[in-house]
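If you want the building blocks of each chain, they are given just below.
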Amino acid sequence: MKAKNDVQPEVGIPTGIEAFDNILAGGYARSRVHLIEGRPGSGKTTLALQFLMAARERGETSLYVTLSEGRDELIAAAATHGWSLDGIEIYELVPAELSLDPTREQSVVYSSDLELGETVKLVMDCVERLKPDCVVFDSLSDIRLLAGSPLRYRRQVLALKHYFTGKQVTTIFVDDLTEEMDDANLHSLVHGVTRLEQLTIAYGAERRRLRVFKMRGRAFRGGFHDYIIRTGGLRIFPRLVASDHNIGFEEDQPVSSGLPDLDNLLKGGIDRGTSTLIMGPAGCGKSTLAMQYVCAALERGEKALFISFDETRRNFYKRAGGLHINLDQRKENFSFQQVDPAELSPGELSGIVRDHVAEGTTIVVLDSLSGYQNAMPEEQFLLLQMHEMLTYLNQQGVLTILVLAQHGLVGAMQSPVDLTYLSDNVLLLRYFEAAGQLRRAISVLKKRTGDHEPSIREYRIDKSGVKVGEPLTQFSGILTGVPKFSGANEKLLELKEDA
């Protein structure tokens, strides 16, 4: 163990969570005092315990000073995460005025100054005896109650800060924010401030996020970062900043859909590192068209991720089987993620995508953006989130396919959100009527990285898969859903009874 009189360089030490280390640009500052604040239930104790366990793994002496939770409560809470607190000193501090021990019963003339002074002295005695490297002080709300006034409270916290800093101890103060007072009252006293928040939305699970208010001498990552509490502790999803992941990739041949006629419509296929928006009314085959690109990628030995907000795994695989697509044979390279937008935060979704891209995934499908929009509190946040994600995926050379359901079936269509300007390619699907039959049409509205065919073609989905026909040159007004026909039916795709 290091000598306490040696001056240690101010270098970062791990927080116990790699993602949090990245947000803080190197972890906590050694021998400094940091503040973790948040309402009850936001995960402050869990985050503090992960810090002490990381210190224990490094062979450092760790001390947890608790005024609010008992030793048994802490051990039981750690056990729910599969943790053991062996090797971490837990000092359960019970101030005299809170103790039921008759020998420590306060007298009538026992002043609040002496109550606070005795409590702080107990903490200092424990530190002098154990000489810890890392300390968690939980919580300041109890000191606030003992102090009785904001001025005395601030002075006492300042004294504690100077004491721990003088002992070269890396310290975490925990504050419950249970008092209605200036939230930034302590921010000027400590080296770093992290706030944990728990938000309740109108429907679905609560959302948790953290924000680093301050970290002296560090270019930390600002803004809100989503996190979840699961067995094993906090899992933090740093806010995605696409410019931090611009690694570049080698240009390759356009990606084929496996359908020559569809590739001709796109003049060779879709380029890697681009995003493609497939939009149209419900039931027109958007997901099936996206699945066609996934199957072609799997045939080439690539890895694919299909994220579905609207369809269950059972129905997805059943529909694939109806098209004679056996995804079970390629399960090593294919991942289907069924997500519930009411339970999933945007940060967790980006975390899923980033994990798969890190494992070599080259094609990602989001089906559909209507479900993804429900995971966002407001539309403008969806656009910002999607902009960062698409830019990140493009820089990784990933082919991204977005599915967007438009309102209505025939006639004029409306989109719940406009992402055409963010997408590099836009495929539009429509229904139209011909000879008393309901048919489908496909067209390319936009291809940013190259030329495309301006024609509108018919396409059909049956048990043999997707088929694309000839340009519908004898129709006008197809995109309106009410076309005018001036040709012969022989130019249309033959409708089979099993279609």
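In what follows, the accompanying structure is described. Because the structure is a prediction, the values reported are computed rather than measured.

## Some words on the overall build of the protein
Here is step 1: Counting its regular elements, the protein contains 12 helices and 22 strands.
Here is step 2: Buried residues in the protein amount to 53% of all 499 residues.
Here is step 3: Pairs at least 24 apart in sequence give 69% of the contacts found in the protein among residues at least 6 apart.
Here is step 4: A total accessible area of about 22900 Å² is found for the protein, and carbon and sulfur atoms account for 50% of it.

## Points about helix α5 (residues 140–147)
Here is step 1: Of all 8 residues in α5, 7 are buried; the element is thus mostly enclosed.
Here is step 2: Of the positions making up α5, those classed as buried are L140, S141, D142, I143, R144, L146 and A147.
Here is step 3: Residue G148 follows α5 closely and has a positive phi angle near 85 degrees.

## Looking at the nonpolar core
Here is step 1: In terms of nonpolar packing, the biggest core is built from 39 residues, with L262, L289, V294, F306, F334, I363 and Y459 touching the most fellow members.
Here is step 2: For this core, the leading source of residues is helix α8 (residues 286–299), giving 8 residues.
Here is step 3: Apart from residues no more than four positions distant in its own chain, F306 is found in contact with A290, M291, V294, F316, F334, S335, F336, Q337, V365 and D367.
Here is step 4: Core analysis: the second largest hydrophobic core is formed by 33 residues, I23, F51, L74 and L210 among them.

## Let's talk about unusual backbone geometry
Here is step 1: Of note, the bond from D138 into S139 is cis; its omega dihedral lies within 30 degrees of zero at 5 degrees.
Here is step 2: By the secondary structure assignment, S139 is in the loop between β6 (134–138) and α5.
Here is step 3: A cis amide bond links D367 with the next residue in sequence, S368, at an omega value of 5 degrees.
Here is step 4: Turning to its location among the elements, S368 is positioned in the loop between β15 (361–367) and α11 (369–374).
Here is step 5: Located in the positive-phi region is Q168, a residue other than glycine, with phi close to 60 degrees.
Here is step 6: With respect to the element layout, Q168 can be found in the loop between α6 (150–166) and β7 (170–175).
Here is step 7: Using a relative accessible area of 15% as the deciding quantity, one classes Q168 as buried.

## Some thoughts on the pairing of strand β14 (residues 334–338)
Here is step 1: For strand β13 (residues 303–308) and β14, the ladder comprises 5 bridges, and the chain directions are parallel. Considered in β14, the bridge of A304 is made with F334.
Here is step 2: Running through helix α9 (residues 313–322), the crossover from β13 to the neighbouring parallel element β14 is right-handed.

## Side note on the environment of G59
Here is step 1: Tracing the chain through its elements places G59 in the loop between α2 (44–57) and β4 (62–66).
Here is step 2: Its relative accessible area of 67% is what places G59 among the exposed residues.
Here is step 3: In this structure, the C-alpha to C-alpha distance between G59 and D133, residues 74 residues apart in sequence, is 9.7 Å.

## Looking at the packing of aromatic side chains
Here is step 1: According to the stated counting rule, one finds 11 aromatic pairs in the structure shown.
Here is step 2: Ring centres of F306 and F336 lie 6.0 Å apart, and the angle between their planes is 25 degrees; on these two criteria the pair is classed as stacked. Taken together, the residues F306 in strand β13 and F336 in strand β14 connect sequence positions 30 residues apart.
Here is step 3: We classify F306 as buried; its relative accessible area is 0%.
Here is step 4: Look at F336 and you get buried, because its relative accessible area is 3%.
Here is step 5: With a centroid separation of 4.4 Å and an interplanar angle of 25 degrees, the aromatic rings of F316 and F336 are classed as stacked. Pair noted here: F316 is in helix α9 and F336 is in strand β14, with a separation of 20 residues, a long-range link. Neither residue differs from the other here; F316 and F336 are each classed as buried.
Here is step 6: Ring pairing ties together the aromatic residues F306, F316, Y317, F334 and F336, which thus form one cluster.
Here is step 7: Against the face of F213 rests R211, its NZ or CZ located 4.3 Å from the ring centre.
Here is step 8: For the cation-ring pair, R211 lies above F224, with the distance from its terminal atom to the ring centre recorded as 5.9 Å.

## Some remarks on the pattern of salt bridges
Here is step 1: Inspection of the entire model under this criterion finds 20 salt bridges.
Here is step 2: Salt-bridge contacts for D125 lead to K121; the nearest nitrogen and oxygen are separated by 3.1 Å. Within this pair, D125 and its partner K121 are both found in helix α4 (residues 112–130), separated by 4 residues, close to a single helical turn.
Here is step 3: Its salt-bridge partner being R208, residue E206 comes within 3.5 Å of it at the nearest N-O pair.
Here is step 4: A network of salt bridges, in which partner residues are shared, links R30, R58 and E60.

## Remarks on the packing of α8 against α9
Here is step 1: Across the interface, α8 lies against α9 with an axial gap of 12 Å and an inter-helix angle of 70 degrees. Between α8 and α9, the angle is such that the two are roughly perpendicular. Contacts between α8 and α9 pair S287, T288 and M291 from the former with F316, R319 and A320 from the latter.
Here is step 2: Looking at the contact of α8 with α9 residue by residue, the class counts come to 3 nonpolar, 2 polar and 1 charged.

## Quick notes on the packing of α5 against α6
Here is step 1: Orientation of α5 relative to α6, taken along the N-to-C sense of each, is 130 degrees, at an axis distance of 8 Å. For the element pair α5 / α6, the angle class is oblique. Along this stretch, α5 crosses α6, giving a crossing that reads as right-handed. The residues of α6 that touch α5, namely those facing L140, I143, R144 and A147, are R152, Y153, Q156 and V157.

Parameters and conventions
Residues numbered from 1 in each chain as written. Predicted model: local features only at pLDDT ≥ 70, side-chain atom pairs only at ≥ 80, totals over all residues. Heavy atoms only, no water. Helix = DSSP H or I, 4+ residues; strand = E, 2+ residues; numbered from the N terminus. Buried < 20%, exposed > 50% of the residue type's maximum accessible area, 1.4 Å probe, protein only. Contact = heavy atoms within 4.5 Å. Areas by Shrake-Rupley, 256 points an atom, 1.4 Å probe, with all protein chains shown as cover. Core = buried A, V, L, I, M, F, W, Y, C linked by side-chain atoms within 4.5 Å. Pairing = 2+ DSSP bridges. Right-handed = clockwise from strand over helix to strand, strands pointing away. Phe/Tyr/Trp six-rings, centres within 6.5 Å; stacked < 30°, edge-to-face > 60°. Lys NZ or Arg CZ within 6 Å of the ring centre and 35° of its normal. Salt bridge = Lys/Arg side-chain N within 4 Å of Asp/Glu carboxyl O. Axes fitted to C-alpha atoms, helices over the stretch in contact; angles between N-to-C directions. Parallel < 35°, antiparallel > 145°, perpendicular 65-115°, else oblique. Nonpolar A, V, L, I, M, F, W, Y, C, P; charged D, E, K, R; others polar. Left-handed = near helix turned anticlockwise from the far one by under 90°.

Honestly, that's just the spatial picture; any functional story needs more than this.
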